[in-house]
Structures are given as structure tokens and as C-alpha cells.
Amino acid sequence: QVQLVESGGGLVQPGGSLRLSCAASGKFFSIYAMAWYRQAPGKQRELVATEPSGRGTNYADSVKGRFTISRDNAKNTVYLQVNNLKPEDTAVYYCNINVQPVVGPRRDYWGQGIQVTVSS
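We now turn to the structure provided with this report. Since this is a predicted model, take the numbers as computed values, not measurements.

Ranked by internal contacts, the top residues of the largest apolar core, which has 31 residues, are L4, W36, F67, L80, Y93 and I97. Of all elements in the fold, only β1 (2-7), β3 (18-26), β4 (28-39), β5 (46-51), β7 (67-72), β8 (77-82), β9 (91-101) and β11 (114-118) reach the threshold of two or more residues within this core. Per element, the largest residue contribution to this core is five residues, and it comes from β9. Excluding residues that lie within four positions of it along the chain, I97 makes contacts with L4, A24, I31, A33, M34, V78, R107, D108 and Y109.

Now the structure itself:
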């Protein structure tokens with residue numbers, strides 16, 4: 001079983017920054033692809049940033065130049081640095097990682113979601 005725990009969200013003023021973390025624990029060999037999604041009230045979940053197994057990074061147009069996805073393999077943690085936040089970035093943010101568990105097939109796991117609110 002693999003568990004993901006997100007942290008780092010909160011209330012921030014426009015123009016502010018946060019670093020979202022997603023720590024993976026459990027029995028697995030390695031993290032392959034990783035991604036961050038977000039879901040605003042009344043809207044569908046959208047892909048914000050992704051790193052498909054070390055093959056570069058991709059970002060939604062709305063966050064390019066402001067958000068950065070990264071990982072620390074030693075800590076089994078993925079990050080989303082979010083800068084120059086705007087009110088429209090307000091959403092619940094979810095991490096998603098593709099992992100090879102010790103038992104069972106390689107698959108995706110989701111974090112529990114963390115609230116980011118941008119407001120003055």
C-alpha cells in the first residue's frame with residue numbers, strides 16, 4: 001500500500017507564494033511520472049503540471065512561468081512551487097504519482113487534496 005500526504009497549502013494574498021509538498025510512504029520501488037491537478041469550486045479537475053518520468057516538465061498555459069514541479073527522490077516527495085499567485089488559482093490541489101509498488105502492478109496514486117486560497 002502506498003500513501004500520499006500533502007502539505008503546504010493555505011491562505012495567501014495575491015502575488016504571494018507557497019510550496020506544496022506530497023510525501024509518499026509505503027512499500028514501493030520508485031516514483032515514475034508525477035503530476036499536480038487542481039479543482040476549483042464548480043469546475044472540473046484540471047491538470048496543472050506534470051513530469052512524465054524525467055522527460056521534461058509540462059504546465060498548463062495558465063500557470064506557465066509561475067509554477068514549478070520538482071521532486072526529491074531521496075525523500076520520496078514531489079513539490080509544486082507556486083509563485084505570483086492569483087485569485088483564480090484558488091482551488092484544491094491534488095498530487096498524482098505513478099509508482100511501482102512492491103506488490104502489484106505499477107499504478108497511479110492520489111493525494112488527499114490540499115486547499116490553496118488566494119485572497120486579499
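Locating R19 in the fold gives a position in strand β3. Residues contacting R19, with those up to four places away along its chain left out, are S7, G8, Y79, L80 and Q81.

Throughout the structure, instances matching the rule amount to two aromatic pairs. Taking the centre distance of 5.0 Å and the plane angle of 55° together, the rings of Y37 and W110 count as tilted. A residue pair is termed long-range when its members are at least 10 positions apart, and Y37 in strand β4 and W110 in strand β10 (residues 107-110) qualify at 73 residues. Take Y37: its relative accessible area is 22%, and that puts it in the partly exposed class. Centroid distance Y94 to W110: 6.5 Å. Interplanar angle 80°. Geometry classified as edge-to-face.

Quick notes on the rules
- Residues numbered from 1 in each chain as written.
- Predicted model: local features only at pLDDT ≥ 70, side-chain atom pairs only at ≥ 80, totals over all residues.
- Heavy atoms only, no water.
- Core = buried A, V, L, I, M, F, W, Y, C linked by side-chain atoms within 4.5 Å.
- Buried < 20%, exposed > 50% of the residue type's maximum accessible area, 1.4 Å probe, protein only.
- Helix = DSSP H or I, 4+ residues; strand = E, 2+ residues; numbered from the N terminus.
- Contact = heavy atoms within 4.5 Å.
- Phe/Tyr/Trp six-rings, centres within 6.5 Å; stacked < 30°, edge-to-face > 60°.

By themselves, these observations are geometric and do not establish any function.
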